[in-house]
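Read off the chains here:
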Amino acid sequence: MAEERANFGSKLGVILATAGSAVGLGNVWRFPYMAGENGGAVFIFIYIICVLLLGIPCMVSEFIIGRHGASNTARAYTKVAGEGRLRKLPAAIGYMGVLTGFLITGYYAVVSGWCLQYVYASIMGELKGDATFVSTYFQDFSSSPIRPIFWTIVILLVCHFVIIHGVRGGIERASKLLMPALFILLLIIVVASCLLPGANEGIEFLFKPDFTKFNRGVFLGALGQSFYSLSIAMGCICTYASYFSRQTNLLSSAVQISVVDCLVAILAGLMIFPAAFSVGVSPDSGPSLIFITLPNVFNQAFATIPWLGWVVSLLFYVLLSLAALTSLMSLHEVSTAFFFEELHISRKSGALIVTISTCIIGAFCSLSLGAVEGLSIAGHSLFDVFDFVTGQIFLPVGGFLTCLFLGWFVPRKLVKDEFTNWGTLRTTFFSTYLFLIRFVCPAAIAAIMLHQFGVI
């Protein structure tokens with residue numbers, strides 16, 4: 001029998017759970033290296049503007065669809081569409097959201113598993129050595145046929161345990177524990193990093209904009225990061241919104257979640273760059289930053305106090321694991337909600353289907369990174385293919401179509417009723433919101449897509 005639909009139990013639960021969905025490796029891993037490659041403070045300045053003009057309106061749009069549909073992402077889009085000839089198009093957008101979330105869960109769990117391995121490696125003191133040793137350590141581990149898969153399965157089982165306990169007993173309770181813990185760990189490492197000799201250069205890099213570094217690439221990079229960081233079009237935001245009450249202020253919630261998201265991203269920069277500048281490491285180290293560059297940074301920065309370096313390294317990878325887990329929970333819930341509602345089975349059965357399937361996907365993605373030859377498409381590993389298809393095709397296309405759908409095809413009254421909680425909230429920003437999702441957001445997302453494919 002299908003189970004009754006649950007709701008979040010408190011406003012705090014709404015904010016922390018949905019913020020946990022948005023806050024993940026995109027903030028703690030991708031944001032710092034993107035900022036490092038694109039001029040630091042000027043990138044952050046543009047990023048915040050993009051969150052305001054693109055991220056918040058897109059998030060509110062998914063909130064409206066999710067709460068109105070009060071069901072999994074695929075069915076929610078269909079409910080909002082109502083009857084008519086165009087009903088199949090929004091249904092396809094919803095199914096794309098579920099598929100995107102499902103595929104991302106599989107390969108995201110691999111990276112999340114790497115975080116757990118580095119927690120273990122930090123505890124055991126395995127990350128001590130020079131830059132060459134740390135680089136070799138990561139390459140040997142990531143191409144191993146056993147260890148990455150083991151940690152992928154472990155983090156998916158932890159996620160499964162949370163999901164089967166439901167919305168309030170699982171997701172909300174875990175978010176109320178994990179999000180404060182994440183902030184506390186962030187602040188501890190930020191303080192330790194900022195007290196290092198020469199840390200002022202890293203702080204200045206983050207907060208003193210040099211607009212001579214501004215160019216089209218920096219703008220489009222910030223635009224894409226704002227979209228990626230807030231988990232737009234993955235189905236997570238829409239699914240979580242289906243658990244919102246009718247009293248939840250959608251605009252206020254989107255603003256609060258975006259503030260938390262930006263704060264975590266900036267704190268992640270404060271955690272990394274002062275330490276990097278302290279030991280003379282370039283801020284533009286790219287995607288290898290957290291698994292190759294940072295262990296060496298910690299080793300050098302705290303060379304005179306080895307035990308402190310050990311503590312900071314351990315706390316950092318625990319923090320990274322928590323951030324990965326909060327996002328993985330929301331991704332898992334997208335598919336779990338879909339299966340248990342569409343197949344009319346229990347939540348536990350739906351979660352089991354997702355956990356087993358994503359363990360298999362994760363295993364193949366992990367093996368494609370070097371352990372097994374032949375797991376590639378057009379010369380690219382399965383891991384890279386999943387990353388490209390979801391991140392550069394499905395996410396922007398889903399976001400683009402969602403804006404057009406809600407802005408032009410859904411009745412204005414329905415959108416306004418949800419936006420204003422059926423007239424109980426002030427409507428000051430509704431016209432601005434509608435303008436943004438009709439014109440600004442689609443144009444911005446189209447620019448991201450064209451930039452990703454090298455057209456502009």
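Above: the structure in question.
None of these values were measured; they are calculated from a predicted model. (Residues numbered from 1 in each chain as written. Predicted model: local features only at pLDDT ≥ 70, side-chain atom pairs only at ≥ 80, totals over all residues. Heavy atoms only, no water.)

1. Focus: the overall build of the protein
- Counting its secondary structure elements, the protein contains 18 helices and two strands.
- The globule rule puts the C-alpha radius of gyration for 456 residues at 23 Å, and the 21 Å found for the protein is close to it.
- Judged by the C-alpha coordinates and their principal axes, the protein covers about 65 × 50 × 45 Å.
- Counting the 456 residues in the protein, one finds 59% classified as buried.
- Long-range pairs, those at least 24 residues apart, make up 81% of the contacts in the protein between residues at least 6 apart in sequence.
- Split by element, the accessible area of the protein, about 18,000 Å² in all, is 67% carbon and sulfur. (Helix = DSSP H or I, 4+ residues; strand = E, 2+ residues; numbered from the N terminus. Rg over C-alpha atoms; globule rule 2.2 N^0.38 Å. Buried < 20%, exposed > 50% of the residue type's maximum accessible area, 1.4 Å probe, protein only. Contact = heavy atoms within 4.5 Å. Areas by Shrake-Rupley, 256 points an atom, 1.4 Å probe, with all protein chains shown as cover.)

2. As for the state of the cysteines
- Scanning all chains against the criterion turns up zero disulfides.
- Looking at Cys-115, it has no disulfide partner, and the nearest cysteine sulfur is the one in Cys-159, 14 Å off.
- Look at Cys-115 and you get buried, because its relative accessible area is 0%.
- Lacking any disulfide linkage, Cys-159 is separated from the closest cysteine sulfur, that of Cys-359, by 10 Å. (Disulfide = S-S within 2.5 Å.)

3. Details of the environment of Leu-375
- For Leu-375, the location among the structural elements is in the loop between helix H15 (347-367) and strand E1 (376-377).
- A C-alpha to C-alpha distance of 44 Å links Leu-375 and Ile-305, two positions 70 residues apart in sequence.

4. A look at a nonpolar patch on the surface
- Taken together, the side chains of Phe-45, Ile-48, Ile-49, Leu-52, Leu-53, Phe-211, Phe-214 and Phe-219 present a nonpolar region at the surface, about 720 Å² in accessible area.
- The dominant element in the nonpolar patch, judged by the number of residues it contributes, is helix H3 (residues 41-69), at five residues.
- By the secondary structure assignment, Ile-48 is in helix H3. (Patch = residues over 30% accessible without salt bridge, like charges linked within 9 Å, V, L, I, M, F, W, Y side chains within 5 Å. Salt bridge = Lys/Arg side-chain N within 4 Å of Asp/Glu carboxyl O.)

5. Some thoughts on the nonpolar core
- The biggest cluster of nonpolar side chains holds 159 residues, and the ones touching the most others in it are Met-271, Phe-291 and Phe-316.
- For this core, the element with the highest residue contribution is helix H14 (residues 306-342), accounting for 18 residues.
- With residues near it in sequence (within four places) discarded, Phe-316 still touches Val-28, Ile-189, Met-271, Ile-290, Leu-294 and Phe-298.
- Grouped together as the second largest cluster of nonpolar side chains are five residues, Ile-149, Ala-363, Leu-367 and Leu-382 included. (Core = buried A, V, L, I, M, F, W, Y, C linked by side-chain atoms within 4.5 Å.)

6. Remarks on the packing of helix H1 (residues 11-22) against helix H8 (residues 167-194)
- Contact pair H1 / H8: the axes reach a minimum separation of 8 Å and the direction vectors enclose 75 degrees. As far as their axial angle goes, H8 and H1 are roughly perpendicular. Contacts between H1 and H8 pair Gly-13, Leu-16, Ala-17, Ala-19 and Gly-20 from the former with Ile-171, Glu-172, Ser-175, Lys-176 and Met-179 from the latter.
- Within the contact of H1 with H8, the residues separate by chemical class into five nonpolar, three polar and two charged. (Axes fitted to C-alpha atoms, helices over the stretch in contact; angles between N-to-C directions. Parallel < 35°, antiparallel > 145°, perpendicular 65-115°, else oblique. Nonpolar A, V, L, I, M, F, W, Y, C, P; charged D, E, K, R; others polar.)

7. Things to note about the packing of aromatic side chains
- Summed over the entire model, instances satisfying the criterion amount to 31 aromatic pairs.
- Between Trp-114 and Phe-138, the aromatic rings sit 5.3 Å apart at their centres with planes inclined by 90 degrees, giving edge-to-face as the arrangement. Within this pair, whereas Trp-114 is found in helix H5 (residues 88-123), its partner Phe-138 is found in helix H6 (residues 131-142), the two being separated by 24 residues in sequence. Taken individually, Trp-114 and Phe-138 each receive the classification buried, so the pair is uniform in this respect.
- Taken together, Tyr-107, Trp-114, Tyr-118, Phe-133, Tyr-137, Phe-138, Phe-291, Phe-298, Phe-316, Tyr-317 and Phe-383 form an aromatic cluster joined through their ring pairs.
- Sitting above the plane of the Trp-408 ring, Arg-438 keeps its charged end 4.8 Å from the centroid. (Phe/Tyr/Trp six-rings, centres within 6.5 Å; stacked < 30°, edge-to-face > 60°. Lys NZ or Arg CZ within 6 Å of the ring centre and 35° of its normal.)

8. Re the pattern of salt bridges
- Applying the stated criterion across every chain, the model contains five salt bridges.
- Between Glu-342 and Arg-75 there is a salt bridge, with its nearest N and O atoms 2.8 Å apart. Highlighted residues: Glu-342 in helix H14 and Arg-75 in helix H4 (residues 73-81), separated in sequence by 267 residues.
- In this structure Arg-75 comes out as partly exposed when scored by relative accessible area, which is 28%.
- Between Glu-333 and Arg-347 there is a salt bridge whose closest N-O contact spans 2.9 Å. Here the residue Glu-333 occupies a position in helix H14, and Arg-347 occupies one in helix H15, the gap between them amounting to 14 residues.

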